[in-house]
2 protein chains.
Amino acid sequence: MQPVHKHTASTLMDIALDAFGSDKAPEPEIRGAIQACRALPVRVHLVGPERELRDLLDEHLEDEDLPIVIHHASEKIGMDEKAAHAVRAKKDSSMRVGLKLVREKKVAGFITAGNTGAAMVTAKMVLGELPGVDRPALTARMPTVTGSPCVLLDVGANVDCKAHNLEQFAVMGEIFARSILRIHRPKVGLLSIGEEESKGNELTREAFPLLKALPIHFIGNVEGRDIFNGAADVIVCDGFVGNVALKTGEGIGRLFRDLLRESLTTTVTAQVGAMLSRKAFNDFRRRLDYNEYGGAPLLGVRGVCIIGHGSSNETAIYNSIRVAMEFAKAGINTSIEQELANRPQHPPKPPKDQHPDGSVQ
Amino acid sequence: MQPVHKHTASTLMDIALDAFGSDKAPEPEIRGAIQACRALPVRVHLVGPERELRDLLDEHLEDEDLPIVIHHASEKIGMDEKAAHAVRAKKDSSMRVGLKLVREKKVAGFITAGNTGAAMVTAKMVLGELPGVDRPALTARMPTVTGSPCVLLDVGANVDCKAHNLEQFAVMGEIFARSILRIHRPKVGLLSIGEEESKGNELTREAFPLLKALPIHFIGNVEGRDIFNGAADVIVCDGFVGNVALKTGEGIGRLFRDLLRESLTTTVTAQVGAMLSRKAFNDFRRRLDYNEYGGAPLLGVRGVCIIGHGSSNETAIYNSIRVAMEFAKAGINTSIEQELANRPQHPPKPPKDQHPDGSVQ
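Residues numbered from 1 in each chain as written. Chains lettered and ligands numbered in written order. Predicted model: local features only at pLDDT ≥ 70, side-chain atom pairs only at ≥ 80, totals over all residues. Heavy atoms only, no water.

Looking at an unreviewed UniProt entry, one finds chain A named Phosphate acyltransferase, with Acidicapsa dinghuensis as its source organism. What UniProt states about chain A under its Subcellular location (unreviewed entry) heading is, verbatim, "Cytoplasm". Regarding chain A, the relevant UniProt record gives this comment under Pathway (unreviewed entry): "Lipid metabolism; phospholipid metabolism." (UniProt positions renumbered as here; feature names shortened; annotations may be inferred.)

This is the structure we're talking about:
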């Protein structure tokens, strides 16, 4: 199927999309793909059970001719499946098939709104790490009061980190902020519990001098509240702490919304007030809406892999496709590779065939 | 000075208050003490430079006769001073003098809104740990959608914890929730990044079976978002993670408020709406206001020590005094001591004079 389209076929970027990722899949995926193909120079490769997808896609497209192709994958990984087990057991999952398209350079990037753990494991297995990267990191764009997001990483790919992992996260996050957020000289902070270098836990105290020595604009330790106040453009932490921060933010956001709704419906005056201020509320909600940002890139793998929230809707999928395209176009992985190639390896590996005591075997 | 008062002097509970703790000290402290003495059966012992306090107190009291006494302390510890150094250098600080009153049983509890680090170090030094407690923990009451707060601990007393520290935090937090929040059978969760026992970092995976074995209602792992949704009454974590969660919550709360204010002033309609819904907003703000909860108890020291936020206002100080009284009355420390006396010591210490290999020296 060669679609007739306002973008000529040769200028389209190919992006693979896990059609069975999100909680309500494949509806948001199909709608998001259609929206993207209408607006962006992209060819979307929907990955999943072909027959099921074909019928639904035809139904949604009616007679519209869009550059959407289907790649068959017989298995889906569920949200509640254990990552390691699901990845081992399901050799023909939509995640694995989609990521293989990236590895084989048939597409420029892959997107899934599915099981985050499984997506990370599959991406590391299928794509592997970039040279110089020990551990890929999951990033999240957090809303700030300035309007420009703060890049938080790692938010869940690595629960127990070493200081040199945080160092690499800083390098990758800084390049991401420069390339995608177009921040000239991103301010990079280390998430801790006090500003001074001596504050923090063993990990942050060890990571501090490593980050300080990097050729980046390192602003030192920052605290949880600095994620949202624009103090830093990039904030680095281990995946356990980052995940707790991310979900704490989500949790209090939801609490805020619920309490506000409750407060605003308690009196008639308040109800009238709420009615009048509805537009303002909607503006406000949009600025805090994770769906607007699209998915979170997994930085440090050989290829583009964007992981979205399970609750992604059509807009979130559309934005994830946009993010994947930007990511691929910006050549972030090449920059990361170059930057890390110039850095010493951690931990320094002894030359081959040499015993740790220095003697040659 | 023996004040004439609606509560007879003999029924008053004595509470010491660091008069030079908060950012705007001693104004909020003096006002909060006055408010407390008017409403509660308490005698407040203001601790700080006597002459300065005497003049200000007289000014505020005018002719009112309230059970407020002054204890002289010549030094104040600043917010930005390094805890360890300040505690060593200032032997006559208001914190140390106030905590000595607790140790000497002249008062039932001590409150400060000052330098948290210095307060914790001083409390541990002056009061010492309760038998069976290896590390005291700082607690925070987090707002939830149910209206009943969630007790989060540790939020900053211990940055690098062992599994048995988390076990003791669970015991202490559970007793606190039963005694102060009057929850019959508090649900205790372990802060992690996934529900299953296998999810988390090394520390939480090691702590999980210890918490499971406790005679408490352990509900397993919880996530950052569960702090606010009422899933748990008590959530246990190491002090680094807890502090990040606490400050992330504060940060997004502030972001929410700022964005809302901005959204609501952008259009005339929204402005009218905001005016009409002002009462609802105020109700709502109050539910999220840390000042309403009073300070955070340091659990596990021999005595009552409540540490408030630096930005504490008069109401926060009043509420901290109320919390200290409740804490002392509930006999929480006795309960903690009894509960932990029945538990095995971690790490098990070899009997005296016995070599680790089992041989008696």
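From this point on, the discussion continues.
Engineer: Any chance you could explain the overall build of chain A here in plain terms?
Structural biologist: On a plain count of helices and strands, chain A comes out with 13 helices and 11 strands. Taken across its 361 residues, chain A has 57% of its residues classed as buried. Nonlocal contacts in chain A, meaning residues at least 24 apart in sequence, comprise 74% of its contacts between residues at least 6 apart. By element, 49% of the accessible surface of chain A is carried by carbon and sulfur atoms, the whole surface being about 15,300 Å². (Helix = DSSP H or I, 4+ residues; strand = E, 2+ residues; numbered from the N terminus. Buried < 20%, exposed > 50% of the residue type's maximum accessible area, 1.4 Å probe, protein only. Contact = heavy atoms within 4.5 Å. Areas by Shrake-Rupley, 256 points an atom, 1.4 Å probe, with all protein chains shown as cover.)

Engineer: Help me out: how do you make sense of the sheet that holds strand β9 (residues 234-236) of chain A in this one?
Structural biologist: All names here are of chain A. With mixed pairing, the 11 strands of this open sheet are ordered in space as β3-β2-β1-β4-β11-β10-β5-β6-β9-β7-β8. Of all the strands in the sheet, the pair left with one neighbour each is β3 (68-72) and β8 (217-222). Across this sheet, the average inter-strand angle for adjacent strands is 25°, counted without regard to direction. Two elements, strand β5 (residues 137-142) and strand β6 (residues 150-153), share four bridges in a ladder whose sense is antiparallel. Among the inter-strand pairings, T139 is bridged to a residue of β6, identified as L153. Across the sheet, helix α2 (residues 50-61) is in contact with β2 (42-48) and β3; its angle to β3 comes to roughly 160°. With respect to the sheet, helix α6 (residues 163-179) is in contact with β5, β6, β7 (187-191), β9 and β10 (296-299), its orientation differing from that of β9 by roughly 165°. (Pairing = 2+ DSSP bridges. Axes fitted to C-alpha atoms, helices over the stretch in contact; angles between N-to-C directions.)

Engineer: Just to check I follow, could you spell out unusual backbone geometry for this structure?
Structural biologist: Generally, phi is negative for residues other than glycine and the peptide bonds are trans, each holding for most cases. The step from A:L153 to A:D154 runs through a cis peptide bond, and the omega angle for that step is 0°. Mapped onto the elements of the fold, A:D154 is located in the loop between β6 and α6. The amide bond that connects B:A25 to the next residue, B:P26, takes the cis arrangement and shows omega of 0°. Take B:P26: it is sitting in the loop between β1 (13-18) and α1 (27-39). The phi dihedral of B:E62 falls on the positive side, at around 50°, and the residue is not glycine. With respect to the element layout, B:E62 can be found in the loop between α2 (50-61) and β3 (68-72). A positive phi is found at B:R182, a non-glycine position, where the angle reads about 55°. On the secondary structure map, B:R182 appears in the loop between α6 (163-179) and β7 (187-191).

Engineer: Please clarify how the packing of α6(B) against helix α13 (residues 332-341) of chain B should be interpreted in this entry.
Structural biologist: In a packed pair of helices, the relevant descriptors are the angle between the two axes and the axis-to-axis distance. All names here are of chain B. Here α6 crosses α13 at 140°, and the two axes come no closer than 10 Å. Put simply, α6 runs oblique to α13. The interaxial crossing formed by α6 with α13 has right-handed handedness. Along the contact surface, α6 presents Q168, V171, M172, I175, F176 and S179, while α13 presents I332, S335, I336, E339 and L340. Here the contact of α6 with α13 is composed, by residue class, of seven nonpolar, three polar and one charged. (Parallel < 35°, antiparallel > 145°, perpendicular 65-115°, else oblique. Left-handed = near helix turned anticlockwise from the far one by under 90°. Nonpolar A, V, L, I, M, F, W, Y, C, P; charged D, E, K, R; others polar.)

Engineer: Even after reading the chapter, I still don't get the side chain of A:K90, so can you show me in this structure?
Structural biologist: With respect to the helices and strands, the residue A:K90 is situated in the loop between α3 (83-89) and α4 (94-103). Classification of A:K90 as buried rests on a relative accessible area of 19%.

Engineer: So what exactly am I meant to see when it comes to the side chain of A:S179 here?
Structural biologist: Position of A:S179 among the secondary structure elements: in helix α6. Sequence-distant contacts of A:S179, that is, excluding residues within four places in its chain, are made with A:A330 and A:I332.

Engineer: Is there a simple way to explain the packing of aromatic side chains in this structure?
Structural biologist: Aromatic ring pairs are reported here in terms of the distance separating the ring centres and the angle at which the planes meet. For the structure on display, the rule yields four aromatic pairs over all chains. Arranged with centres 5.1 Å apart and planes meeting at 75°, the rings of A:F208 and A:F218 form a pair that is edge-to-face. Of the two residues, A:F208 is situated in helix α7 (residues 202-212) and A:F218 in strand β8; the sequence distance between them amounts to 10 residues. A relative accessible area of 7% means that A:F208 is categorised as buried. Judged by relative accessible area, which is 15%, A:F218 ranks as buried. Centre to centre, the rings of B:F176 and B:F327 are 6.2 Å apart; their planes meet at 40°, and the pair counts as tilted. In this pair, B:F176 sits in helix α6 while B:F327 sits in helix α12 (residues 314-330), placing the two residues 151 residues apart along the sequence. Like B:F327, B:F176 is buried. (Phe/Tyr/Trp six-rings, centres within 6.5 Å; stacked < 30°, edge-to-face > 60°.)

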